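The lines below spell out each chain.
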Amino acid sequence: MAGKKEIQEQIICAVEKVKETNPLAGSITNTVTINFVANAQLAVGGSAAMVYLPDEGEGIAQASKAVYINVGTLLPVYGETVPRTAKFLHESGKPWVLDPVAVGMGNLRTKLLKQIKEYKPSIIRGNASEIITLAGLWELTGSAGQQRVRGVDTTDSVESAKAAAAALAGWTGGAVAVSGKTDFITDGSACALSYGGSPYLQMITGSGCSLGGVAAVYASASSPFIAALTATAAFNLAASRAEKKANGPGTFQPLFLDELHLAAANDIAANKFEFEEV
Amino acid sequence: MAGKKEIQEQIICAVEKVKETNPLAGSITNTVTINFVANAQLAVGGSAAMVYLPDEGEGIAQASKAVYINVGTLLPVYGETVPRTAKFLHESGKPWVLDPVAVGMGNLRTKLLKQIKEYKPSIIRGNASEIITLAGLWELTGSAGQQRVRGVDTTDSVESAKAAAAALAGWTGGAVAVSGKTDFITDGSACALSYGGSPYLQMITGSGCSLGGVAAVYASASSPFIAALTATAAFNLAASRAEKKANGPGTFQPLFLDELHLAAANDIAANKFEFEEV
Amino acid sequence: MAGKKEIQEQIICAVEKVKETNPLAGSITNTVTINFVANAQLAVGGSAAMVYLPDEGEGIAQASKAVYINVGTLLPVYGETVPRTAKFLHESGKPWVLDPVAVGMGNLRTKLLKQIKEYKPSIIRGNASEIITLAGLWELTGSAGQQRVRGVDTTDSVESAKAAAAALAGWTGGAVAVSGKTDFITDGSACALSYGGSPYLQMITGSGCSLGGVAAVYASASSPFIAALTATAAFNLAASRAEKKANGPGTFQPLFLDELHLAAANDIAANKFEFEEV
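What you see is a predicted model; the values in this text were computed from it and never measured.

Each value, and the rule that gives it
Residues numbered from 1 in each chain as written. Chains lettered and ligands numbered in written order. Predicted model: local features only at pLDDT ≥ 70, side-chain atom pairs only at ≥ 80, totals over all residues. Heavy atoms only, no water. Helix = DSSP H or I, 4+ residues; strand = E, 2+ residues; numbered from the N terminus. Rg over C-alpha atoms; globule rule 2.2 N^0.38 Å. Buried < 20%, exposed > 50% of the residue type's maximum accessible area, 1.4 Å probe, protein only. Contact = heavy atoms within 4.5 Å. Areas by Shrake-Rupley, 256 points an atom, 1.4 Å probe, with all protein chains shown as cover. Pairing = 2+ DSSP bridges. Axes fitted to C-alpha atoms, helices over the stretch in contact; angles between N-to-C directions. Least-squares fit on C-alpha atoms with pLDDT ≥ 70 in both. Parallel < 35°, antiparallel > 145°, perpendicular 65-115°, else oblique. Nonpolar A, V, L, I, M, F, W, Y, C, P; charged D, E, K, R; others polar.

Novice: What am I meant to see in the overall build of chain A here?
Specialist: Of regular secondary structure, chain A possesses eleven helices and nine strands. Scaling as 2.2 N^0.38, a compact globule of 278 residues should have a C-alpha radius of gyration of about 19 Å, and chain A matches this with 17 Å. For chain A, the proportion of its 278 residues judged to be buried stands at 65%. Within chain A, counting contacts between residues at least 6 apart in sequence, those at least 24 apart form 73% of the total. Carbon and sulfur atoms provide 51% of the accessible area of chain A, an area that totals close to 8,900 Å².

So, in structure tokens, the structure goes:
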């Protein structure tokens, strides 16, 4: 059984490996926060590239060490791009992160999210309502997959999504990260709570998306659980540091990217978290 | 007849209600400024969600208290999404804001803007040339609907758009906001001029779009006229405050979002404006 | 033969003419950095407008003094929009800038880039790998057009792309700008190396795209070679100034836009460069 100290060593290792190797983590993602996702990935030492077309999804998956797929602002072409890319990733054994933004809204979103269940994302990142809804949609919990999300906002607490997160991790064999005031990460056996962050993260668009994109960068350099925890800890640390210098959500965002870039491996590993093996 | 004091009380009420209720105002909008629109909506206390697909336009309209539709950077799918969403909004009596960006350019834009005339947007926000061109396109004024816009820039003064604004408001029964050095807002009977702002607003992309998005947020909490005036006053106040701290248009934008977030209801209501009932 | 002093006078002239005339330079560009491109164009005194649809590509080309075409994040509609717009630009003799982002990835990108060879872009801007790959794809050099780009990153040095740049300039009769630590600009006979910049340019997404967009703005006011050199010098100057004030890549971006806006024509012309006529 891994102890907290061992986890911290793995976090340090992931952060440093990314800074040394500058891994490419391609994305299929929404147009609202696409710039922020790319800049966050670059800030931690990764490389970013975004695509829409089906053959380019496969192409970027081939060129990448890990991929981030976010189903916000769907365009018609996603109907082919998302499942084809997810299938390729699954078959080639490459880590990928799913961000089931606004799950429950719209026919294509529901169809796509059902389709890619079998391609088992290494990491699923969402807010509590998205995690609960996805677990229902995938019939992993008693509840049906009705939309619980208001637009892109959660209506549930992190606590209430723990069982759904565990069920999703049980299915994928990967990790699930539930974002909220205190973030919850599990791979079905190990669980972590990550503390810190800032209220400003809720006042800017894309803090969740960019966390997903950064989790993909770290997934190139560690297990899904460590990658999700490392990305979450880095965000919580950078956000709490940036908050001290910011005068509002506008100045918070560039300051947050600075702190994400400046955060040392040791400090990310030392960011407050609780760890428990089930 | 409403006096200036009564108007100010309604502005205060709109600002405070938004901060208390965090209303969702979904958008169909262009990819250039989509991030800025969302962050401006969040800055004033609203919630944002953007979509492209037809059924998602209806879905987000259903979930929202008000909707923002901006016809910049049209994609083929907008041909179905925009009229379907506007129709839904009209039939369900939900307030919505139209931003007729670059009206007069391209076949789809012209077709869409003609089509949605009957769905009567609660607020139309544009620069002077857009307002004049739209009124012409909708055959509400003598002039035809030829493009007067250079790219996305106005070639007309706010003053010269007053008659077109009144004609549009007469048709929709809502409000029209003409953005410029001094902003003009009318609902056909009441008129306001809002002062302040900053030359930097013209040096960053999306100051108009984000104003439209914020007007949608306030439209969930007040009449179209008050919503348009509140959003405009908040922008003029925040811009003049941000300008004092900025060294250029780059630093102006995050500082502007800070000030938009920090602006108190009283200060927004006290931002210089002239009011007249016709 | 033009001397260095004459080049500097032309740079000053281009910068000042843009500030006086506020030229519209429309773009077809990727969704990742579209906002940054527009804001950079506005910062130097240009005007920006972005489109996706085929007839709007032609419409914006008609309204613009120069156009920027970037093939990142292709959507299906680009298959018609890009060649139609490039053809229009070629036939009307208007300057345009091509940014062959990620050339070599995907079928549509390859097809489009082959198709527009005959429309001879006035300026081609890319990193070293993109320039080498495009010259191969256009069969202007011995090498074939295989992808040498990793995602959107170069795997080659600027030095190694000089022959490909010269071959491309020889074909188009325009200029080619190879971005890297030291930037190389050539029109086939004249060559320049531009110094300065900042490591932060590599840590934010879109420094290359925004450079291309700004080169289009300057192409409305000078020869392709001078436009490419002016844009590059302005970026190198602004980046080195912004770096001194920034604490990381997040704060670097708004500070960079400030400096781009504030840079005087004289200072841009005085930014270190070497010039040689072949």
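Novice: Looking at this structure, how should I read the sheet that holds strand β3 (residues 96-99) of chain C?
Specialist: To summarise the sheet geometry, strands pair through backbone hydrogen bonds and adopt either a parallel or an antiparallel arrangement. Residues and elements named next belong to chain C. Pairing is mixed across the open sheet formed by eight strands, whose spatial order is β1-β2-β3-β4-β5-β6-β7-β8. The strands lining the two open edges of the sheet, one partner per strand, are β1 (25-28) and β8 (273-277). Adjacent strand axes in the sheet meet at a mean angle of 15°, parallel and antiparallel pairs treated alike. Across three bridges, the pairing between strand β5 (residues 175-179) and strand β6 (residues 183-186) is antiparallel. Bridge pairing in β6 links Ala177 to Ile185.

Novice: What's the story with the relation of the copies chain A and chain C in this structure? I'm lost.
Specialist: Mapping chain A onto chain C is achieved by rotating through 120° and translating by 0.0 Å along the same axis, at an RMSD of 0.0 Å. Considering both components of the superposition, the chain copies are consistent with a three-fold axis. Considering only C-alpha atoms, the part of chain A nearest the rotation axis is A:Thr31, at 3.7 Å. The fraction of interface residues of chain A whose copies in chain C are also interface residues is only 10%, indicating that the copies meet through different surfaces.

Novice: Can you help me understand the packing of helix α10 (residues 249-262) of chain A against helix α10 (residues 249-262) of chain B in this one?
Specialist: For any two helices packed against each other, one specifies the crossing angle of their axes together with the interaxial distance. One way to put it is that α10(A) packs onto α10(B) with a least axis distance of 5 Å and a crossing angle of 140°. Taken together, the axes of α10(A) and α10(B) lie oblique to each other. Taking contact as the criterion, the partners of A:Pro249, A:Gly250, A:Thr251 and A:Pro254 in α10(A) are, on α10(B), B:Pro254, B:Leu255, B:Leu257, B:Asp258 and B:His261. Residue composition of the contact of α10(A) with α10(B), by class: five nonpolar, three polar and one charged.

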